Amino acid sequence: MKSIAISGSLRENVGKRDAKELRYQGKVPAVLYGGKEQYHFSVSATDLKPVIYTPDVHFIDLDVDGKKFQAILQDAQYHPLTDQVRHVDFLELNDSKEVALNIPIKLTGASPGVKSGGKLVQKLRSLRVKALPKNMPQHIEVSLETLEVGSSVRVENVQVENGKVLNNADDTIVSVIMSRALRQAEQEAAKAEGKK
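Let me begin by describing the structure that accompanies this report. Positions within a chain are numbered from 1, following the residues in the order the chain's sequence is written. For a predicted model such as this one, the threshold for reporting local features is a pLDDT of at least 70, and the threshold for listing and counting side-chain atom pairs is 80 or more; totals across whole chains, interfaces and linings nevertheless cover every residue. Calculated side-chain values reflect all of the structure's heavy atoms, with hydrogen atoms and water omitted.

**A short note on the sheet that holds strand 11 (residues 152-154)**
Then comes step 1: The strand order across the open sheet built from three strands is 8-13-11, with neighbouring strands paired in antiparallel fashion. The two strands at the open ends of the sheet, each matched to only one other strand, are strand 8 (119-122) and strand 11. Pairs of neighbouring strands in the sheet enclose a mean axial angle of 10 degrees, with direction left out of account.
Then comes step 2: Where strand 8 and strand 13 (residues 172-177) come together, four bridges link them in antiparallel fashion. Bridge pairing links V121 to S175 in strand 13. Pairs of strands are assigned from DSSP output, requiring at least two bridges between the strands. Each helix is a run of DSSP H or I of at least 4 residues and each strand a run of E of at least 2, with the numbering of both proceeding from the N terminus. Only the stretch in contact is used when fitting a helix axis, every axis being a line fitted to C-alpha atoms; angles between N-to-C directions are given from 0 to 180 degrees.

**Observations regarding the environment of S152**
Then comes step 1: Here S152 is to be found in strand 11.
Then comes step 2: For S152 and T172, which are 20 residues apart along the polypeptide, the C-alpha to C-alpha distance reads 6.8 Å.
Then comes step 3: Leave out the neighbours within four places in its chain, and S152 touches L147, N157, T172, V174 and S175. In what follows, residue pairs with any heavy atoms lying within 4.5 Å of each other are defined as contacts.

**Focus: the nonpolar core**
Then comes step 1: Within this scheme, the nonpolar core is defined by two criteria: the residues are buried Ala, Val, Leu, Ile, Met, Phe, Trp, Tyr or Cys, and they are joined through side-chain atoms within 4.5 Å. Only protein chains enter the area calculation, which uses a 1.4 Å probe; residues under 20% of their type maximum are buried, those over 50% are exposed, and those in between are partly exposed. Of all hydrophobic cores here, the largest spans 26 residues; its most connected members are L101, L127, M136 and I173.
Then comes step 2: Put simply, the parts of the chain that give this core at least two residues each are strand 7 (99-108), strand 9 (126-131), strand 10 (140-143) and strand 13.
Then comes step 3: Ranked by residue count, the leading element in this core is strand 7, at four residues.
Then comes step 4: In this view, I173 contacts I105, V121, Q122, K123, L124, L127, V142, V153, R154, V155 and V158; residues no more than four positions away in its chain are not counted.
Then comes step 5: Core analysis: the second largest hydrophobic core is formed by 20 residues, L32, V51, I52 and L62 among them.

**Some remarks on the environment of A45**
Then comes step 1: Mapped onto the elements, A45 comes out in helix 2 (residues 45-52).
Then comes step 2: Distance in space between the C-alpha atoms of A45 and P55 is 18 Å, their sequence separation being 10 residues.
Then comes step 3: Those residues in contact with A45, other than ones at most four positions away along the chain, are G26, K27 and V28.

**Some words on the pattern of salt bridges**
Then comes step 1: Note on definitions: salt bridges are taken to be side-chain nitrogens of Lys or Arg within 4 Å of carboxyl oxygens of Asp or Glu. Counted under the stated rule, the structure contains two salt bridges.
Then comes step 2: A salt bridge links D63 to K68, with the nearest nitrogen and oxygen atoms 2.9 Å apart.
Then comes step 3: Given a relative accessible area of 24%, D63 falls into the partly exposed group.
Then comes step 4: A residue is classified by how much of its surface remains accessible, and K68, at 63% relative accessible area, is exposed.

**Focus on the sheet that holds strand 3 (residues 39-44)**
Then comes step 1: Spatial strand order, 1-3-2-6-5-4: six strands in a closed barrel with mixed pairing. Neighbour-to-neighbour, the strand axes of the sheet open up by a mean angle of 45 degrees, direction not taken into account.

**Here's the deal with helix 2**
Then comes step 1: Those residues of helix 2 that fall on the buried side of the exposure criterion are L48, V51 and I52. Projected down its long axis, helix 2 carries its buried residues within an arc of 80 degrees, all on one side.
Then comes step 2: The elements touched by buried residues of helix 2 are strand 1 (3-10), strand 2 (27-33), strand 3, strand 4 (59-64), strand 5 (67-78) and strand 6 (85-92). Here, the arc refers to the directions that run from the helix axis to the C-beta atoms.

**Observations concerning the environment of G66**
Then comes step 1: Among the secondary structure elements, G66 is positioned in the loop between strand 4 and strand 5.
Then comes step 2: Owing to a relative accessible area of 56%, G66 belongs among the exposed residues under this scheme.
Then comes step 3: Sequence separation between G66 and S9 is 57 residues, and the spatial gap between their C-alpha atoms is 9.1 Å.

The following block contains the structure:
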């Protein structure tokens, strides 16, 4: 799993006025929990961009006034109009405690069903995986090599080494459906066959 380093400063005052002042300075109020104690601190809004505006999942090496933690981004709150980040929650990682994360799905290979005119439909873009931090995958690969028209890959078909997928086993990840053009071609072929 990739890591991104972010440094922050402990907050002396925790309150609305203090949070407003921090945002005015281009900082975002944050909290780190999951460890022995909670830390309220602030981080630069620009430092958060590679963590928030990406489909990828990263571990975060936090440095809060010299104290180092490994964490994940648990939650982010946004301004309803400007979409600016207003607050972030980090969860401290413990090597012996499992965490659940949304891991992005990466489609690999080419589907024979698509080559013959079918349409690829991806229903899920990520899967909820529970594993120890050291076993957490960067992404989950789903092969399209065997997908014909009318077939699909379900959650139950995906295995995560040393981890457990928490999604419903019956949920469809990706499928190949008959495209309008292919359906039309089949109907025309059937009509031509009927005229003979």
